[in-house]
Amino acid sequence: MPRHVFVVARDSAYLAGYLRDRFKDRPEVEIVMDRRRGERRREKAEAAEAAPDRRGSDRRARPTVDEELRLSSCVFVTLPKSEDV
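For clarity, every value in this text was computed on a predicted model and none was experimentally measured.

1. Description of the sheet that holds strand β1 (residues 3-8)
In sheet architecture, strand pairing relies on hydrogen bonds along the backbone and comes in two forms, parallel and antiparallel.
Working step 1: Pairing is mixed across the open sheet formed by 3 strands, whose spatial order is β2-β1-β3. Both edges of this open sheet fall to β2 (29-33) and β3 (74-79), since each of them pairs with a single strand only. When the angles between neighbouring strand axes are averaged without regard to direction, this sheet yields 20 degrees.
Working step 2: Running over the sheet, helix α3 (residues 63-71) touches β1 and β3 and is turned about 155 degrees from β3.

2. A closer look at the environment of T78
Working step 1: Looking at the secondary structure, you find T78 in strand β3.
Working step 2: With 49 residues separating them along the chain, T78 and V29 place their C-alpha atoms 9.2 Å apart.
Working step 3: Leaving out residues up to four positions away in the same chain, T78 has contacts with P2, R3, H4 and R62.
Working step 4: In terms of polar contacts, T78 uses its side chain to reach the side chain of H4, at 3.2 Å.

Criteria and cut-off values
Chains are numbered independently. Their residues run from 1 in the order of the written sequence. Whole-chain, interface and lining totals are the exception, using all residues; otherwise, since this is a predicted model, local features are given only for residues with pLDDT of at least 70 and side-chain atom pairs are given and counted only at 80 or more. The basis for every side-chain value is the complete set of non-hydrogen atoms in the structure, without hydrogens or water. Strands were regarded as paired on the criterion that DSSP finds at least two bridges between them. Helix numbers and strand numbers start at the N terminus; a helix is a DSSP run of H or I with at least 4 residues, a strand a run of E with at least 2. Under this scheme, a helix contributes an axis fitted over its contacting stretch, all axes are lines through C-alpha atoms, and angles between N-to-C directions fall in the 0 to 180 degree range. A contact between two residues is defined here by any heavy atoms of the two lying within 4.5 Å. Two N or O atoms count as a polar contact when they lie within 3.5 Å, although within protein this holds only if one can serve as hydrogen donor and the other as acceptor, and sequence-adjacent residues are included solely when both atoms are side-chain atoms.

Here you go:
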């Protein structure tokens, strides 16, 4: 069975509470607050003076989620059973 995740914007705690209450009897539905605070990588000019970035590419598997979360208060994502959040 797939899992369903609502990612709620940090400034919408009221919505997260509502969704938790609404889906409390649905174990396949998870409500998570967006914990990210923005891009953590340094600007190129700053990075040129410092050690090289060893992290490789961006690890976010669904870049469209970022844009959707900027435009609305929450994003609904369906994950295969084996995928972690």
